[in-house]
Each structure stands twice: as C-alpha cells, then as structure tokens.
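Summary of structural features
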Amino acid sequence: MSVGIDEVSFYTSGQFLDLKTLAQHQGIDPNKYYDGIGQEKMAMPSLDEDIVTLAANAALPIVERVGRDAIAGLLFATETGIDQSKAAGVYVHRLLGLNSNSRVVELKQACYSATAAIQMACAMVARQPARPILVIASDVARYDLQSPGEATQGCGAVAMLISDNPRILEIAPEVGNHTEDVMDFWRPNYRSNALVDGKYSTKIYLKSLKRSWENFTEQSSVTYADIDYFCYHLPFGKMAQKAHSQLARVNKSGQTPEQLEQQIEPTLLYNRAIGNSYTASMYIGLCSLLENSSQDLSAKRIGLFSYGSGCVAEFFTGVVQPGYQAALHQQKHQRLLRERTELSYEEYLKLYHYANPTDGGHHELPEQTQGNFRLAAISEHKREYIAR
Ligand code: HMG
C-alpha cells in the first residue's frame, strides 16, 4: 500500500538577523557566513513565540483543510521541550481543536526525531489507513554568543500529514540506520543553549551518512543512480554540499560539481533564510525542493538523510506523486519569508538575552508575533497560549 506525506506546511518567526550584521559586529568577512557556511539569515523567535506557537501556526492550514476530526493522532518532534513531563503537542492539540479521541506524544533524539515520528506514523497508517497522523517538528536552535555555532541559530516548525495514497511523497519502507553513542552536540537539562564540538560534529555527520547509506544498500535495491534529488539534514547549507560530495564519491558517481549542485541546490533556499531549525530543518528543505525546483518533480525519487547528534541517522527515499503541486503551500511560505522584519544587532541581543520568568508569578508577554497563536502569559508556572 502507498503511505507517505500528503501535505506539508511550515512556519517560522516574523523576524530575522542577517548574518552580515553578525559578521560586522564580529569584525569578520560576511562571506564566511554567506559562502563559507552557506547561510544568509537566521530567524529569531519573538518573546511570545515558542515551539508550541510555531507548531500550531505550521499545522493550522492542514487542519483547516482536512477538518479537526480527521486527525487520529499527533506526534510532536522537538529538542526544545518546554516541559519535562507534558508533551508540547497537547497544547497544540487544544489550540487546533483536535478531536479528544486522539493520541498525542512527544519524541526526542536531537534533529532526528521527526524522521522517527514519520516512520511511526507510516506504520500506524499502514495498520489503519483511514486514520491520518499529524507529525509536527518544531525547534529553536540556540548556541552561546561568540561561539562558532552562533551563526547557525534559527527557528521553525513543519507540519506533515501522513496518510494513505499521499498526494506529495510516497515513502518507501526500506531505510538504512546508523546509531552511535557520541558527544558531538548535546544540551544538559540545566542549559538553554546547546554545547557542541563543531568540527567533530561535522565529521560524525559524514561518517553517519556513509554508514546509513551502506546499511540502506543492504536493505534496498534502490541505487545511487536511481535517486534524482537529495535532501540532507541542514544545520547549515554547506553541510549538505559536503555530504553530497561524499556520497557521490562513495558511489564513484563520476558527476561534475554542477551536476552534484543541481541535485541539492533547490533544497537549500528556505533554510538559507531561516537557519537551523533542528528537527524541522530537513523537512523545510524538502518543502524548498518541491516549491522551488524549476522541473516537474512527478515520479522523481528523493533521497533523504536525517541526522540527529548523539547520534542517530537514517537514509530513506520517497517518490514524488503526480499532481503534487496542487497540495503545496508555496505562496503562503514565500509570503511568510518575504514579509519578515530585519533585526538590528541590539534587537537581536535583547531577544537572545530574554529568559522566561521562573518565579511562579503572573507575567504577561508583549504582543509581538504576527501568527495566529501566541504565548500570552506565564502564570503560576503555567504557559497560557491563545488563538487570535
Ligand atoms: P567555524 O569553525 O567558525 O568555521 O564554524 P570555519 O572556520 O571552519 O569556516 C567555515 C567555512 O567557511 C570553511 O570552509 C572556511 O574555509 C570558510 P570549509 O573548510 O568548511 O569548506 N570561510 C570562508 N569562506 C568564504 N569567505 C570567507 C571565509 N572564511 C572562512 N571570508 C562550525 C563551523 C560548523 C564548527 C560551526 O558553525 C558550528 O559549531 N556549528 C554548530 C554545529 C553544527 O552545525 N554541526 C553540524 C553537524 S551536527 C548536526 O547537523 C546536528 C545539529 O543540527 C544538532 C542536532 O542534531 O540536534 C547541529
């Protein structure tokens, strides 16, 4: 049976820092960021936004189309959890008015968990085809100021409806995995910023790609040459270029640099303007491919490499469905990115340094986001979300 992504919608904050502003403040050449890491802007959440509001805003167009009762469950992938016990998806479930006879759970494994959620959702739909599952990946990427990771921050959420006879991408059941206990990137519970061994993390990413690919070729008859485009996890754009060159080398593809670039370039455009959004990142890259490719992608096979530090990695593929263009939210996404406000360095620092109150008092949050949902207050340690 055919199972996969029926609809995909993403959301990010309405404000960003251009990396040239960061470079100017640091007294370095902006091309280190624009060309060296392949990033241009990073989205910064406003004070009344978090993974819940980003997620609800991403999922709203899907829920409005299929209806609130059509969704059988919500799998919420994040590594920016707002609570050690309660799943962020439960707040989203209320904000979207989903049926109370549905299942909600939160999943964590760094940037990888959205892929686990999709595979679980595919298995659930294969068991009960009439019951689509909503998968949401939502994250805010934060690193220490003045650290090499600072320029790779960002935020975003992506919502995907997993169903039978999907309109966008049929996901093949064969996958290749690699898991290894490594400390390349982690965030202890007492820290709000990730710790990272940057250079090591890129090496482990590439090693995991090679191992996942080797495992994939043992599981699947699909060859490198059968794959038309490649979506890689995107901590920054240059990582995908390094990854794709390596995979081509491993497969002795003999492609020119231009041919390699064509297979990944459309996947990079949205992330270049958003930054890392951890779990959401690769799937925003998939949107970017589907919505920016100059070719009709119908029947094209996409290879997807999902990487979560720590680490768990997975290579899998999907085939784009004829007529997929009608299921996209291209105009909404491009308007969202176009209409954002640029932050000054001082405004960026102010947002960066803001910390949610922890004293148990009643704190109203300033109305900043343009989205349909906002975090209105934190009161008695409870987050109060409202719909507009
Ligand atoms: P860095 O060490 O400051 O950068 O930060 P660099 O000095 O290596 O320079 C980067 C590139 O820019 C180099 O090119 C330079 O040559 C070039 P490369 O050798 O890589 O091809 N460059 C210039 N280019 C043009 N004009 C110039 C110029 N100057 C230099 N003027 C680092 C890089 C990745 C370490 C940093 O960004 C970082 O720590 N990032 C965070 C960690 C990360 O993203 N790791 C990626 C793999 S792990 C992963 O993907 C998982 C993750 O998403 C988390 C999760 O799973 O939850 C992070």
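Residues numbered from 1 in each chain as written. Predicted model: local features only at pLDDT ≥ 70, side-chain atom pairs only at ≥ 80, totals over all residues. Heavy atoms only, no water.

**Quick look at the sheet that holds strand β7 (residues 154-164)**
With mixed pairing, nine strands are arranged side by side in an open sheet as β5-β4-β6-β7-β1-β8-β13-β12-β11. The sheet is open, and its two edges are formed by β5 (103-107) and β11 (229-232), each paired on a single side. With direction set aside, neighbouring strand axes in the sheet form an average angle of 25°. Two elements, strand β8 (residues 169-179) and strand β13 (residues 312-320), share eight bridges in a ladder whose sense is antiparallel. Across the sheet, N177 pairs through a bridge with E314, a residue of β13. Its contacts with the sheet put helix α3 (residues 51-66) on β1 (3-11), β4 (73-77), β6 (133-141) and β7, and the angle it makes with β7 is roughly 30°. Across the sheet, helix α10 (residues 281-292) touches β1, β7, β8, β11, β12 (301-308) and β13, and the angle it forms with β11 is around 150°. (Pairing = 2+ DSSP bridges. Helix = DSSP H or I, 4+ residues; strand = E, 2+ residues; numbered from the N terminus. Axes fitted to C-alpha atoms, helices over the stretch in contact; angles between N-to-C directions. Contact = heavy atoms within 4.5 Å.)

**Some words on the packing of aromatic side chains**
Tallying each qualifying case throughout the model produces 16 aromatic pairs. Look at Y205 and Y307: their rings are 5.2 Å apart centre to centre, the planes differ by 50°, and that puts the pair in the tilted class. Linking Y205 in helix α6 (residues 198-219) with Y307 in strand β12, this pair joins segments that are 102 residues apart in sequence. Measuring from centroid to centroid gives 6.2 Å for F230 and Y232, while their planes differ by 15°, and the two rings are stacked. Like F230, the residue Y232 is buried in the burial classification. Linked through ring pairs, Y205, W213, F216, Y224, F230, Y232, F305, Y307 and F315 together constitute an aromatic cluster. (Phe/Tyr/Trp six-rings, centres within 6.5 Å; stacked < 30°, edge-to-face > 60°. Buried < 20%, exposed > 50% of the residue type's maximum accessible area, 1.4 Å probe, protein only.)

**A word on α10**
Between its first and last C-alpha, α10 extends 16 Å over 12 residues, near the 16 Å set by a 1.5 Å rise per residue. Looking only at α10, the buried set comprises S281, M282, Y283, I284, G285, L286, C287, S288, L289, L290 and E291. (Expected span 1.5 Å × (residues − 1).)

**Some points on the nonpolar core**
In terms of nonpolar packing, the biggest core is built from 82 residues, with L96, L134 and I162 touching the most fellow members. With 10 residues, α3 is the single largest residue contributor to this core. Those residues in contact with I162 that sit more than four places away from it in its chain are V3, G4, I5, I118, A121, C122, V125, P132, I133 and V135. Within the second largest apolar cluster, 43 residues are counted, among which are L19, V222, A313 and Y348. (Core = buried A, V, L, I, M, F, W, Y, C linked by side-chain atoms within 4.5 Å.)

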